[in-house]
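Take a look at the letters that make up each chain.
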Amino acid sequence: MATPSVSTTLHYNDVPQADALAADYVYCVVEDSRSASLGPVGIEGREVYVVAHRGLGALVHASPPLAYQATDREIAGAWVLAHHQVVDSAWRRWGTVLPLTFNTIVLPGATGADQSVTAWLDREHEHLQGKLQALAGKAEYGVQVSCDSSHLVEQALAANPDIGKLQEQANSPSRGLAYMYRQQLETVLKRAVEGQALRESAQLYGKLRACADDTRLEKTKAAGDGQTMLLNLSCLVSPERLAGLEMAVQGLRGMAGLSVRMVGPFPPYSFC
Amino acid sequence: MILDLSEQDLKSGVLGLVVALVEIIEEALRLQALRRMEAGSLSLAEIERLGQALSELEGAIERLKAETGSTESVKAVRDSLDKAVADAVGSLLDPYRWDRAQLEVGYGNS
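Every chain's residues receive numbers from 1 upward, in the order its sequence appears when written. Working convention: letters from A go to chains and numbers from 1 go to ligands, in the order in which they are written. Only residues with pLDDT of at least 70 are given local features in this predicted model, and only at 80 or more are side-chain atom pairs given and counted; all residues enter the totals for whole chains, interfaces and linings.

**Describing the overall build of chain A**
- Within chain A, the regular secondary structure consists of seven helices and ten strands.
- Any residue pair is listed as a contact if its two C-beta atoms, each placed from the backbone, are within 7 Å. Considering only contacts within chain A whose residues lie at least 6 apart along the sequence, 72% involve residues at least 24 apart. To qualify as a helix, a DSSP run of H or I must reach at least 4 residues; to qualify as a strand, a run of E must reach at least 2; elements of each kind are numbered from the N terminus.

Spelled out as structure tokens, the structure:
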């Protein structure tokens, strides 16, 4: 018997109207026991409301049972921004949120998506409540530290006196030798600079980690402009520790060759 | 998908690919030579000969790129190769990167 054919490439706009809004798109979880509407503030102006159960509330909008997909960066960017704005305003309103990743969609069970969300809140109640308590009142800050690449080279040269000898050899009058020693010098210098960067990163990490409740090391990005990014850190900070972190950042700003960027506060996206 | 290629595009594409490969081979030879130098298994005369050969090869590649105007297409091939390797290695070492990459282009199912 032939199985019914199933379209494997569904697009967001192709969903039949009947089950168009059967699922729930979930933004975040807060502590609240009242169901309420927040108005048309969601992705593409969808109405966001609270599905509450046993003291926990999930902020959702009724959504097609499909992930948001866009090939256009601008549209994707607008969706992610709308997601962030809902989480951010919930964070300001309730004080503590458990943000979920963009495109978290709960499919409907036999009795509808809101019931599925309720069942999830029930099943994960202790886990979610524990996480909310751990994040209570805390905010996320991003700290990025970069330094002048030339500063790193100077430090690396000072720490590796052998490199000076290679520099002499690289000036050899013999063409083939000069070429090979120059290549060697480049390799050794690159390794020394990387080692220096790693040592400085570790020092900075130690200093900043001591000022935060929790941290996540993010991948460093190419800084360009003669700069090398040494540390890209997400910090979870409670209000009473914020001044300490700001002071540490201020202290780094005063150090030669370093530039520091601190952004936030954000909802604790990196600590869920 | 309809391929829309001019003869000129095709030529510069193939040339870019070939020169990029020659460049990569030259770099591999140079790395090997440096390794042997550091291990102390080469005499000064051998280092001199290797250095001359490699620097001539490097000069020849640069001239070829300048004469054929293929500097840009070689760079494009190398960049896309670098990115492919970095992505493959990155996703092996850090599976979460897939999530983030998907989030950045706005799709994915978590």
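Having put the structure on the table, let's press on.
**Notes on the packing of helix α1 (residues 7–38) of chain B against helix α2 (residues 44–68) of chain B**
Residues and elements named next belong to chain B.
- Only the stretch in contact is used when fitting a helix axis, every axis being a line fitted to C-alpha atoms; angles between N-to-C directions are given from 0 to 180 degrees. Following both chains from N to C, one finds α1 and α2 inclined at 165°, their axes separated by 11 Å at the closest point. Classified by the interaxial angle, the pair formed by α1 and α2 is roughly antiparallel. You can see that α1 and α2 cross each other, and the crossing is left-handed. Touching Leu 15, Val 19, Val 22, Glu 23, Glu 26, Leu 29, Arg 30, Ala 33 and Met 37 of α1 are Ile 47, Leu 50, Leu 54, Leu 57, Glu 58, Ile 61, Leu 64, Lys 65 and Thr 68, all from α2.
- Considering only residue class, the contact of α1 with α2 consists of twelve nonpolar, one polar and five charged. Orientation is classified from the angle alone, with under 35 degrees giving roughly parallel, over 145 giving roughly antiparallel, 65 to 115 giving roughly perpendicular, and any other angle giving oblique. Take the far helix as your reference; a near helix turned counterclockwise from it by less than a right angle gives a left-handed crossing, and one turned clockwise gives a right-handed crossing. Gly falls in the polar group here, along with every residue not listed as nonpolar (Ala, Val, Leu, Ile, Met, Phe, Trp, Tyr, Cys, Pro) or charged (Asp, Glu, Lys, Arg).

**Quick word on the nonpolar core**
All names here are of chain A.
- Core analysis: the largest hydrophobic core is formed by 32 residues, its most contacted members being Tyr 27, Cys 28, Leu 59, Val 60 and Ala 90.
- Broken down by element, this core gets its largest block of residues, seven residues, from strand β1 (residues 23–31).
- In this structure, Cys 28 is in contact with Leu 59, Val 87, Ala 90, Val 97, Leu 98, Pro 99 and Leu 100, ignoring residues within four places of it in sequence.
- Here, a nonpolar core means buried Ala, Val, Leu, Ile, Met, Phe, Trp, Tyr and Cys residues linked by C-beta atoms lying within 7 Å of one another. With C-beta atoms placed from the backbone, a residue counts as buried when 20 or more other C-beta atoms lie within 10 Å of its own, as exposed when 12 or fewer do, and as partly exposed for counts between those limits. Within the second largest apolar cluster, 18 residues are counted, among which are Tyr 141, Leu 204, Ala 212 and Leu 233.

**Quick look at the interface of chain A and chain B**
- Taken together, the contact pairs 22 residues of chain A with 19 residues of chain B.
- For the side of chain A that touches chain B, the secondary structure elements donating two or more residues are α1 (73–94) and α6 (175–209) of chain A.
- Counting residues per element, the side of chain A that touches chain B draws most heavily on α6(A), at eight residues.
- Counted by class, the side of chain A that touches chain B contains eleven nonpolar, nine polar and two charged residues.

**Points about the confidence of the model for chain B**
- Per-residue confidence for chain B averages 81 on the pLDDT scale, and 79% of its residues sit at or above 70.
- Scoring of the predicted complex yields 0.70 for pTM and 0.71 for ipTM. Per-residue confidence from the predictor is reported as pLDDT, which spans 0 to 100.

**Describing the environment of A:Tyr49**
All names here are of chain A.
- Structurally, Tyr 49 can be placed in strand β3 (residues 48–53).
- Distance from Tyr 49 to Val 26, taken between C-alpha atoms, is 9.9 Å for residues 23 residues apart in sequence.
- Contact partners of Tyr 49, with chain neighbours within four places excluded, come to Ser 35, Ala 36, Ser 37, Leu 38 and Val 60.

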